[in-house]
Amino acid sequence: MNLLSVHEAQERILSQFKPVEAETLPLTACAGRVLAADIISSDLPPFDNSSVDGFAVIANDMLSAGSAFPLTLSVVADIPAGSSSDITLLHGQAARIMTGAPIPSGADAVIMVEDTDFNNGRAGTTAPETVKVFKSVRADENVRKRGMDIKTGRKILFTGTQLRAQDVGLLAMLGVANLPVYRKPRVALLSSGDELMPVEFRLMQGQIHDSNSYTLSVLIADAGCEVLTLGIAPDKKDAIQFLFDQAVGVNADLIISSAGVSVGALDYVKEVVESNGKLDFWRVNMRPGKPLAFGEYRGVPFIGLPGNPVSAFVGFEVFVKLAIGQLAGLRTVTRLKVKVSLAEALESDGRESYLRAIVEERDGVLSAKLTGHQGSGNLLSLVQANALLIVPAGVKSLAVGDQAEAWML
Ligand code: AMP
Ligand code: MG
């Protein structure tokens, strides 16, 4: 098996996933979910309504109105928001109207209350019998016309969109109470290694806390998935297999493991996958995180991340996110990528490298510097970073001022 480029590995992973099934959920449960259908709008706003508190009028009546020549209209209706009036306004008449209330028939403009003699702005007032108007208005002034924001029939949200607050709000405007979204992908997670202990345990000599499960659980949940935590497998084939079988038993859509996919004498994870499924590749030309396995365990896709905490994180960002995006039905996995200028020189070993960096604006340009030593166990360097700086494959050194790409975290 040869060393794949990051791009090839990503393509191979992407080609193996398709979206999980859709389910119908109430709108209140849909934030963060991915739409499984296009949404077609009806007219918004749904009726002509006032954009101000004031008086609905006939614009043509108002031509002569001005501060020196107030025009007196008789007020024939009072229309608060949420009500409607079946009057038809005649010349010389006005209707008091509140923001959001429907424009009565006959009227074609609204004069702001501030431009009348009824401008004391107190709540609870009843409409006056007449109103003096100090200003003229154009037809349609202060009127939000039916369909002016969106016309019936327009596609406004698309399959594969992850719903944000404003998307949910727009759906509510349209009265969409239930909608089809993809169910959350179920991602099973395990750590492997005899040295690993859960965070609650006091460590014996040689042991360390399993930090990857904690980091990866957060990443998986943030990516919109259900996390099925399988725990820690010691470095024994049957123990690893036991946990993998549990993932199969709970119908995981994806199994993620960390560690045990390198060339150490006790790195059994690949072997277990190979003998119960298939290993597509297990090494990628990248830094950190060359040992990165992809395959399938008894029909369930599997990605084996490296054990070192930074490598596991980077492997997740570079590969697992794509797989999850595909499972979740996302149209694209978007990332904020920026061009940066290097504030320090750096060396690389020719692998595509993802270095922990701080990107900040300096004199109008984005400048990047590394967060200390880039050892793949040094999680602090990632804690301090706000970006991953990408050094392309084949590049061995970069000088101060050279351009590079960075992913904002
Ligand atoms: P391995 O891939 O098993 O050779 O692990 C590589 C390095 O990552 C070793 O130093 C492990 O102790 C460390 N490591 C493996 N799994 C974890 C984990 N879940 N949390 C923290 N460190 C880990
Ligand atoms: Mg190990």
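Residues numbered from 1 in each chain as written. Chains lettered and ligands numbered in written order. Predicted model: local features only at pLDDT ≥ 70, side-chain atom pairs only at ≥ 80, totals over all residues. Heavy atoms only, no water.

The 6 strands lie next to each other as S15-S12-S16-S20-S19-S17, forming an open sheet whose pairing is mixed. At either end of the open sheet lies a strand with only one pairing partner, and these are strand S15 (226–233) and strand S17 (277–283). Averaged over all neighbouring strand pairs, the angle between strand axes comes to 15°, with direction disregarded. Of the pairings in the sheet, the one linking strand S12 (residues 186–192) to S15 comprises 7 bridges and is parallel in character. Bridged to Val-187 within S15 is Val-227. Where helix H4 (residues 237–249) meets the sheet, its contacts fall on S12, S15, strand S16 (254–258), strand S19 (291–297) and strand S20 (300–305), and the angle it forms with S15 comes to roughly 165°. (Pairing = 2+ DSSP bridges. Helix = DSSP H or I, 4+ residues; strand = E, 2+ residues; numbered from the N terminus. Axes fitted to C-alpha atoms, helices over the stretch in contact; angles between N-to-C directions. Contact = heavy atoms within 4.5 Å.)

By secondary structure assignment, the location of Ser-367 is in strand S24 (residues 365–370). Discounting residues that sit within four places of it in the chain, Ser-367 has contacts with Ser-341, Ala-343, Ile-358, Val-359, Glu-360 and Arg-362.

Quick look at the sheet that holds strand S7 (residues 109–112) now. Ordered by their spatial adjacency, 5 strands build an open sheet running S7-S4-S6-S5-S8, and the pairing between neighbours is mixed. Of all the strands in the sheet, the pair left with one neighbour each is S7 and strand S8 (130–133). Going across the sheet, the axis of each strand differs from the next one's by a mean of 40°, ignoring polarity. Note that strand S5 (residues 71–79) and S8 share 4 bridges and pair antiparallel. Within the sheet, the bridge partner assigned to Leu-73 lies in S8 and is Val-131.

What follows deals with the packing of aromatic side chains. A full pass over the atoms with the stated rule returns 6 aromatic pairs. Ring centres of Phe-17 and Phe-294 lie 6.2 Å apart, and the angle between their planes is 35°; this geometry places the pair in the tilted category. Within this pair, whereas Phe-17 is found in the loop between helix H1 (6–15) and strand S1 (22–26), its partner Phe-294 is found in strand S19, the two being separated by 277 residues in sequence. Each member of the pair Phe-17 and Phe-294 is classed as buried. Note on Tyr-354 and Trp-407: the rings are 5.5 Å apart at their centroids and 55° apart in plane angle, and the pair reads as tilted. With Tyr-354 in strand S23 (residues 352–362) and Trp-407 in strand S27 (residues 403–408), this residue pair connects regions lying 53 residues apart in the sequence. Owing to a relative accessible area of 3%, Tyr-354 belongs among the buried residues under this scheme. Take Trp-407: its relative accessible area is 5%, and that puts it in the buried class. Each member of the aromatic cluster is reached from another via a ring pair, and the members are Phe-17, Phe-281 and Phe-294. (Phe/Tyr/Trp six-rings, centres within 6.5 Å; stacked < 30°, edge-to-face > 60°. Buried < 20%, exposed > 50% of the residue type's maximum accessible area, 1.4 Å probe, protein only.)

Overall, the coordinates contain 23 salt bridges when judged by the stated rule. Here Asp-115 ties to Lys-135 by a salt bridge, and the two come within 3.8 Å at their closest N and O atoms. Taken together, the residues Asp-115 in the loop between S7 and S8 and Lys-135 in the loop between S8 and strand S9 (143–144) connect sequence positions 20 residues apart. When its relative accessible area of 17% is taken as the criterion, Asp-115 is described as buried. Of the charged contacts in the structure, one is a salt bridge between Arg-351 and Asp-349, with a shortest N-O distance of 2.9 Å. Since its relative accessible area comes to 22%, Arg-351 is described here as partly exposed. In this structure, a network of salt bridges that share partners links the residues Glu-21, Arg-183 and Asp-253. (Salt bridge = Lys/Arg side-chain N within 4 Å of Asp/Glu carboxyl O.)

A few words on helix H3 (residues 212–222). When H3 is considered as a whole, its buried residues turn out to be Asn-212, Ser-213, Leu-216, Ser-217, Leu-219 and Ile-220. Down the axis of H3, the buried set is contained in an arc of 170°. They therefore lie on one face. The elements touched by buried residues of H3 are S12, S15, S16, S20 and helix H6 (309–328). Where H3 ends, the next residue or the one after it, Gly-224, has phi of about 90°, a positive value. (Arc of directions from axis to C-beta.)

This part takes up unusual backbone geometry. Note the cis peptide between Leu-44 and Pro-45, where omega equals -5°. Inspection of the secondary structure puts Pro-45 in the loop between strand S2 (39–40) and strand S3 (49–50). Residue Arg-287 is joined to Pro-288 through a cis peptide bond whose omega torsion reads -5°. Of note, Asn-251 is a non-glycine position whose phi angle comes to about 55°, a positive value. Within the secondary structure, Asn-251 sits in the loop between H4 and S16.

Formed by 40 residues in total, the largest nonpolar core has its most connected members in Leu-254, Ile-303, Leu-305 and Phe-319. Looking at this core, the elements with two or more residues in it are H1, S12, H3, S16, S19, S20, H6 and strand S25 (387–391). Top element by residues in this core is H6. It accounts for 12 residues. By size, the runner-up hydrophobic cluster in this structure holds 22 residues, among which are Leu-228, Val-273, Val-300 and Phe-302. (Core = buried A, V, L, I, M, F, W, Y, C linked by side-chain atoms within 4.5 Å.)

We now examine the site of ligand 1. Close contacts around ligand 1 come from 15 residues, with Glu-195, Asp-210, Ser-211, Gly-307 and Asn-308 the closest. In the model, an oxygen atom of ligand 1 is placed 3.2 Å from a nitrogen or oxygen of the Gly-260 main chain. One of the backbone N or O atoms of Asn-308 is found 3.2 Å from an oxygen atom in ligand 1. Protein chains bury 76% of the 490 Å² of accessible surface belonging to ligand 1 in isolation. (Near = heavy atom within 4 Å. Polar contact = N/O pair within 3.5 Å; in protein donor to acceptor, adjacent residues only side chain to side chain. Areas by Shrake-Rupley, 256 points an atom, 1.4 Å probe, with all protein chains shown as cover.)

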